[in-house]
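In case you want the letters, here they are:
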Amino acid sequence: MKTILLAGFGAMGQSIFDQLRDDPRIGRWLVLERAERADDARRKLGRHGQVVQSVDGLETRPDFAVECAGHEALGTLVPRLLEQGIDTIVASVGALALPGMVDRLDAACRAGGAQLTLVPGALAGVDALAAARESGLASVHYTGRKPPGSWRGTAAASLCDLEHLAEATVFFEGTAREAAATFPQNANVAAMVGLAGLGLDQTRVRLIADPAAGGNTHTISARGAFGRLEVMVEAAAFASNPKTSALAGMSIVRAVRNRLNAIVI
Ligand SMILES: NC(=O)c1ccc[n+]([C@@H]2O[C@H](COP(=O)([O-])OP(=O)(O)OC[C@H]3O[C@@H](n4cnc5c(N)ncnc54)[C@H](O)[C@@H]3O)[C@@H](O)[C@H]2O)c1
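Keep in mind it's a predicted model, so treat the numbers as computed, not measured.

Participant: Talk me through the site of the ligand; I want residue IDs and the actual numbers.
Facilitator: Near the ligand you find 22 residues, and of these Met12, Glu33, Arg37, Ser92 and Asn188 are the closest. At 2.8 Å, a side-chain N or O of Arg37 approaches an oxygen atom of the ligand. At 3.0 Å from a nitrogen atom of the ligand is found a main-chain nitrogen or oxygen belonging to Ala91. Secondary-structure elements contributing two or more residues to the shell around the ligand are helix H1 (11-20) and strand E13 (241-245). In terms of residue class, the shell around the ligand is built from ten nonpolar, nine polar and three charged.

Structure, rendered in structure tokens:
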């Protein structure tokens, strides 16, 4: 039976745990949480595991780790896990768009002989995009479309009049790296499309506020020697956090099960 270290027991971490806790192949959870949230995490974990407050000097070595602790953790916790040889599945993919982060994580993987897995999150088509890269991609576009209210509190508010839009409005066009930096709420998807395909600086991102949109949609369009790809997901929100797609949590659950399953899809 496997021991999993779960770094971060917030909305995403708890959802992952809830979906996986009855999997008989998982024997124990080690949950890393901040001191002020440790009691709450301990109560929710019950007999399934224990709370730890550092990834250094762990009494039990986890078989692998899952990061759900936020973008800052990518530069702090995750390199320490990788340097100890602990394979890590990462939710905070957007942090890889920060300057130097990919190189830093790559060096930590090499130092520890560990592997870092990035999850597609709410996106569909990342598998095909990454495969198509093998024969060369001519163009990759990501379009994020949400109702105006979903863009409130973001940089979109200063780029268009979100409160009085009569029609769909493109308020941002730029590279995946620029999108991740300017719109932290969309950083995970922008970075994932960039890293899977043409790279963060060659992938084009368009963000749209659309009064007619019923929900949030993520569309990837790509062309290359492989042919043409166009994939759209209309994402339902996570029950405990309306700003997150439910599919993002399922994507992490899938990555965990892929480490447990005999046959991997
Ligand atoms: N890939 C995707 O599509 C996708 C989708 C949704 C969320 N995410 C990412 O998942 C991450 C978690 O999201 P969330 O909604 O659960 O956030 P959250 O704020 O609800 O939870 C984060 C938890 O991590 C803990 N934490 C943070 N730093 C820590 C540290 N150094 N040591 C111990 N504990 C620490 C916090 O106390 C908190 O409980 C975010 O980075 C988010 O961007 C990715």
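Here the narrative resumes.
Participant: Talk me through the side chain of Thr3; I want residue IDs and the actual numbers.
Facilitator: The topology assignment puts Thr3 in strand E1 (residues 2-7). Those residues in contact with Thr3 that lie beyond four places of it in its chain are Arg28, Leu30, Thr60, Arg61, Pro62, Asp63 and Phe64.

Participant: Give a detailed account of the pairing of E1, specifying residues and quantitative values.
Facilitator: Burial of E1 is extensive: five of the six residues sit out of reach of the surface. One ladder, built from six bridges, connects E1 with strand E2 (residues 26-32); its direction is parallel. By the bridge assignment, Ala7 is partnered in E2 with Leu32. On the question of chirality, the crossover connecting E1 to the parallel E2 by way of H1 is right-handed. As judged from the four bridges shared by E1 and strand E4 (residues 64-67), these two strands associate in the parallel manner. For Leu6, the partnering residue across the bridge sits in E4 and is Val66.

Rules used in this analysis
Here the residue numbering is sequential within each chain, running from 1 through the sequence in written order. Only residues with pLDDT of at least 70 get local features here, since the model is predicted, and only at 80 or more are side-chain atom pairs given and counted; chain-wide, interface and lining totals rely on the full set of residues. As a rule here, side-chain values come from all non-hydrogen atoms in the structure, and water together with hydrogens is ignored. Only a single heavy atom is needed: when it lies within 4 Å of a molecule or strand, its residue is near that molecule or strand. For this analysis, a polar contact is any N or O atom pair within 3.5 Å, provided that within protein one partner can donate a hydrogen and the other can accept it, and provided that sequence-adjacent residues contribute only side-chain to side-chain pairs. In this text, helices come from DSSP runs of H or I with a minimum length of four residues, and strands from runs of E with a minimum of two, each type numbered from the N-terminal end. In this count, Pro and Cys sit with the nonpolar residues alongside Ala, Val, Leu, Ile, Met, Phe, Trp and Tyr, while Asp, Glu, Lys and Arg are called charged and the others, Gly among them, polar. By definition, residues are in contact when any of their heavy atoms lie within 4.5 Å. Exposed residues in this analysis have more than 50% of their type's maximum accessible area, buried residues have under 20%, and partly exposed residues fall in between, with area computed by a 1.4 Å probe over protein chains only. The criterion for strand pairing is that DSSP finds at least two bridges linking the strands in question. Orient the strands so they point away from the viewer; a crossover is then right-handed if the path from the first strand over the helix to the second runs clockwise.

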